[in-house]
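A look at the structure
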Amino acid sequence: MTLLPITVPASLLSIPRLAPESGEWGFRADHAVATAAGETYVLSGLRRYRGQAVDSADPAEQNFGYRLITRYGTDGALAMYVSSGAVSS
């Protein structure tokens, strides 16, 4: 079994100031598949919900939800990711 790191785009760490060590966000892996060539694709989700975020203009206080598609190379290293999602209050 190959263990893959949780890969979060740098923009999600800087703009909403997501602290990796905090317990205020959630990550889930929905599906993973390996190709015959040895690459692995992972469909996952990343979200944060804060009850006090209502009407906040500060990205560090707002809720968000993103879907990620991550591709890992044959060596397990990150090869590419695509994200879609939204910040909401």
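Placed above this text is the structure.
This report concerns the structure included in the present document. Counting of residues starts from 1 at the beginning of each chain's written sequence and follows it residue by residue. Local features in this predicted model are restricted to residues of pLDDT 70 or higher, and side-chain atom pairs are both shown and tallied only at a pLDDT of 80 or more, whereas totals for entire chains, interfaces and linings draw on every residue. Water and hydrogen atoms were dropped before computing side-chain values, which therefore reflect all heavy atoms in the structure.

1. Some details on the overall build of the chain
Basically, it comes down to this: Under the DSSP-based scheme used, a helix requires at least four consecutive residues in state H or I and a strand at least two consecutive residues in state E, with every element numbered from the N terminus. For every residue, the accessible area obtained with a 1.4 Å probe (protein chains only) is divided by the maximum for its type, and the residue is called buried under 20%, exposed over 50%, and partly exposed between those limits. Residue contacts are defined here by distance: any two heavy atoms, one from each residue, within 4.5 Å place the two residues in contact. Each accessible area is a Shrake-Rupley estimate made with a 1.4 Å probe; only the visible protein chains count as cover when residues are assessed.
Scanning the chain for helices and strands turns up 1 helix and 4 strands. Taken from the N to the C terminus, the helices and strands of the chain come in the order α-β-β-β-β. When burial is assessed residue by residue, the chain has 27% of its 89 residues classed as buried. Once local pairs closer than 6 in sequence are excluded, the contacts in the chain between residues at least 24 apart make up 41%. Entry remark: accessible area of the chain is about 5500 Å², with carbon and sulfur atoms responsible for 57%.

2. So, the side chain of Thr-70
Examined against the element boundaries, Thr-70 turns out to sit in strand β3 (residues 63–72). According to the relative accessible area criterion, Thr-70 is buried, its value standing at 2%. Here Thr-70 is in contact with Thr-7, Thr-40, Tyr-41, Val-42, Leu-78, Met-80 and Tyr-81, once residues within four sequence places are set aside.

3. Considerations on the pairing of strand β1 (residues 25–34)
What counts here: The rule for pairing is simple: two strands pair if DSSP sees at least two bridges between them.
Sheet topology places β1 next to strand β2 (residues 40–48); 9 bridges connect them, and they run antiparallel. Pairing of Val-33 across the sheet is with Tyr-41, part of β2. Between the antiparallel neighbours β1 and β2 lie 5 residues, among them Gly-38 with a positive phi of about 100°.

4. A look at the packing of aromatic side chains
Our working rule: Any pair of Phe, Tyr and Trp rings, taking the six-membered ring for Trp, is counted once the centres come within 6.5 Å. Such a pair is stacked with planes under 30 degrees apart, edge-to-face with planes over 60 apart, and tilted for the rest.
Taken as a whole and judged by the stated rule, the model has 1 aromatic pair. Here the aromatic rings of Phe-64 and Tyr-66 are separated by 5.4 Å at their centres, their planes lie at 50°, and the arrangement is tilted.

5. With respect to the pattern of salt bridges
What counts, and what does not: By definition here, a salt bridge exists when the distance from a side-chain nitrogen of Lys or Arg to a carboxyl oxygen of Asp or Glu is within 4 Å.
Scanning all chains against the criterion turns up 3 salt bridges. Among the salt bridges present, the one from Asp-30 reaches Arg-28, with a minimum N-O distance of 2.8 Å. Taking the relative accessible area as the measure of exposure, Asp-30 reaches 36% and is therefore partly exposed. Among the charged side chains, a salt-bridge network with shared partners connects Arg-28, Asp-30 and Arg-67.

6. Remarks on a nonpolar patch on the surface
Applicable threshold: In this scheme, patches are assembled from residues that exceed 30% relative accessible area and form no salt bridge. Like charges are connected within 9 Å, while nonpolar side chains (Val, Leu, Ile, Met, Phe, Trp, Tyr) are connected within 5 Å.
On the surface, Val-33, Tyr-41, Leu-43, Ile-69, Met-80 and Val-82 cluster together into a nonpolar patch covering about 450 Å² of accessible area. Elements with a contribution of two residues or more to the nonpolar patch: β2 and β4 (78–88). Its place among the elements puts Leu-43 in strand β2. When its relative accessible area of 30% is taken as the criterion, Leu-43 is described as partly exposed.

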